[in-house]
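Summary of structural features
What follows is the residue order along each chain.
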Amino acid sequence: MMAEKQSLSARASFLIALPDELIHQILSYLSALDVVSISSTCQTLYRQAQDDKLWEGLVNENLPKKIDHPGPFDSFRNLYTAHHPYWFLPRKKIWFSDGEYTGRLIIARYDNRRGVIEAFRLLAELKEETFTQWPSNPEVIIQSFNPQLRLWMDDPVIELRNPQGLLPRNRQYCPDQFKMTMSSHGQGVYSSFALCRGNVGRDPSLPSDLVWPPITIPADRSLRKNQERLTDENSNTFRQAQRETQNPRALSETSFYLRKWLHFGLGQPIVPHDPGYHLSMFATLDPELYTPTKEKPYQGIWVGDYNFHGCEFLLFLQRDPGSAAPLSNSARRETRLVSNGLHGLYNQHNGGAHGFDDLERASLPESQVTTGPDGDDDTGVTGRLEGIKLTGDPNIPRGEISFVAEDIGPRGTLCFSDDEEFRGARVVRSKGHIAFQQFTDDQWVNTELILISPDCVAQYWKPMRHVSYFRRVDIDRFTLV
């Protein structure tokens, strides 16, 4: 025992004997919590941990554009402390909610002028629309689409202020329920930000309506505690779901909750006792899912034209070859049956509410190379392309797949367009998802996906005789203040 202590002491002595520059470099690889922990070991490391350059780096790890001044705070250390543990919000930046049918897409960022972590809803507005006949097929209508994108600055979804650097216990209504200062409070509408703890992994044996994000998106999932079957923590459903939870006390940096309620009385607003009361859940996306690459040029966040439903945001996802894709109608029907209580919590026969047998397989890429209309070699981009709704409508809700092209390479190619509107664009086979109100009687119909460019895609809905557009969204420009 004595020898072990002497060995640890020798290693510690070796560390503090290093030049300050090397110690700073070593500490720069640590998380904020590790820096705080190591600062309590000795005076030398305590002094090093107070270096504001170290905390400047910790703050900037969470921001898209580095800042060189702590804004309204007197140091970067105080800035970091004031907004701990919320820095994951601007770092992840894209968040989408489980609101019924439509959901919301919000962009989180840090405003260094005011020292505020904030998030606003992303809107797409159509100023003007034109409808023209498709010259090669006059029965088909082509609808123009040039949306104006903006953040709804008048109504922040998240606003976390802490100019006094208060400790968490002094700025919360109750454990994990943190106060937000919004202009709407003057109208009697109050909001709280709630941390989410634990997750159930990527493929839990749970009905899809109990988790968020949806099973259509590859991600770590958390329990939807606003779902009515999970609001009672003494119910069998909740207990069985909790058994799937990994590290139930661990802070999730991929999900959180927002609660809104009315309070017109005087004094401190009281958080409603009902766990699911006006509670919405938000999840983020792994940047690998929306960052385009040479092999996956169409991946990204897009906005699409859904006629009288207006503009909706989608994740264009190019799955890795051989990865599971939950697309089959049987999976969709099974989800709704479970949601309506017609099946038990687990479907043992099928290996869970969305077991392996309910998942289709993303197509394998082909090695064959084709040529375009001018004889050039093909791009080599192949495989499955899916449009997954991040916001939705009462027919096809958020989280559902709007369209799928089984292969955007040679195997799925129908032709290269000669039409003036789409000249030279690859046209591939695809399926479009349609349904009646409340997502009933859904079905897949034949469509054609027109790959105009990695920033613009059109879809020909054959049964409707209608062509609509999708355009890529530059998310990064909305994260800058």
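Thresholds, definitions, all that
- Residues numbered from 1 in each chain as written.
- Predicted model: local features only at pLDDT ≥ 70, side-chain atom pairs only at ≥ 80, totals over all residues.
- Heavy atoms only, no water.
- pLDDT = per-residue confidence, 0-100.
- Helix = DSSP H or I, 4+ residues; strand = E, 2+ residues; numbered from the N terminus.
- Contact = heavy atoms within 4.5 Å.
- Axes fitted to C-alpha atoms, helices over the stretch in contact; angles between N-to-C directions.
- Parallel < 35°, antiparallel > 145°, perpendicular 65-115°, else oblique.
- Nonpolar A, V, L, I, M, F, W, Y, C, P; charged D, E, K, R; others polar.
- Buried < 20%, exposed > 50% of the residue type's maximum accessible area, 1.4 Å probe, protein only.
- Pairing = 2+ DSSP bridges.
- Phe/Tyr/Trp six-rings, centres within 6.5 Å; stacked < 30°, edge-to-face > 60°.
- Lys NZ or Arg CZ within 6 Å of the ring centre and 35° of its normal.

On average, residues of the protein chain score 82 in pLDDT, and 80% of them are at 70 or above. Ranking the helices and strands of the protein chain by mean pLDDT puts strand β1 (residues 94–97) first, with 98, and strand β18 (residues 360–361) last, with 41. The low-confidence segment residues 327–377, where pLDDT is below 50, has 110 contacts with residues more than four positions distant or belonging to other chains.

Time to look at the packing of helix α3 (residues 32–39) against helix α5 (residues 52–60). Following both chains from N to C, one finds α3 and α5 inclined at 155°, their axes separated by 11 Å at the closest point. Relative to α5, α3 is oriented roughly antiparallel. Contacts from Ala32, Val35 and Val36 of α3 reach α5 at Leu54, Trp55 and Leu58. The class makeup of the residues in the contact of α3 with α5 is six nonpolar, no polar and no charged.

Next up on the list: the pairing of strand β15 (residues 300–305). The two faces of the sheet receive side chains in turn, since in a regular strand these alternate between them. In terms of burial, β15 is largely enclosed, as six of its six residues are buried. Of the two faces of β15, the one carrying Gly300, Trp302 and Gly304 and the one carrying Ile301, Val303 and Asp305 are both buried. Note: β15 against strand β16 (residues 311–317), six bridges, orientation antiparallel. Residue pairing in the sheet places Ile301 in a bridge with Leu315 of β16. Here β15 hands over to β16 after five residues, with Asn307 in that stretch at a positive phi of 55°. Relative to strand β25 (residues 466–472), β15 runs antiparallel, the two being bridged by three bridges. From the neighbouring strand, Trp302 faces β25, where its bridge partner is Arg472.

Quick look at the packing of aromatic side chains now. In this description, a pair of aromatic rings is defined by centroid distance and the angle of the planes. In the structure shown here, the tally under the stated rule is 18 aromatic pairs. Look at Tyr80 and Trp87: their rings are 5.9 Å apart centre to centre, the planes differ by 20°, and that puts the pair in the stacked class. Residue Tyr80 is classed as buried on the basis of its relative accessible area, which comes to 12%. According to the relative accessible area criterion, Trp87 is buried, its value standing at 2%. Centroid distance Trp134 to Tyr460: 5.3 Å. Interplanar angle 90°. Geometry classified as edge-to-face. Taken together, the positions of Trp134 in strand β4 (residues 131–134) and Tyr460 in strand β24 (residues 456–461) put the pair 326 residues apart, joining distant regions of the chain. For the pair shown, Trp134 and Tyr460 are each scored as buried. Feature note: the residues Tyr86, Phe88, Trp95, Phe178, Phe193, Phe256 and Phe282 constitute an aromatic cluster, connected by ring pairs. Across from the ring centre of Tyr306, 4.2 Å away, lies the NZ or CZ of Lys389, which sits over that ring. The ring of Tyr469 carries Arg471 above its face, with NZ or CZ at 5.6 Å from the centroid.

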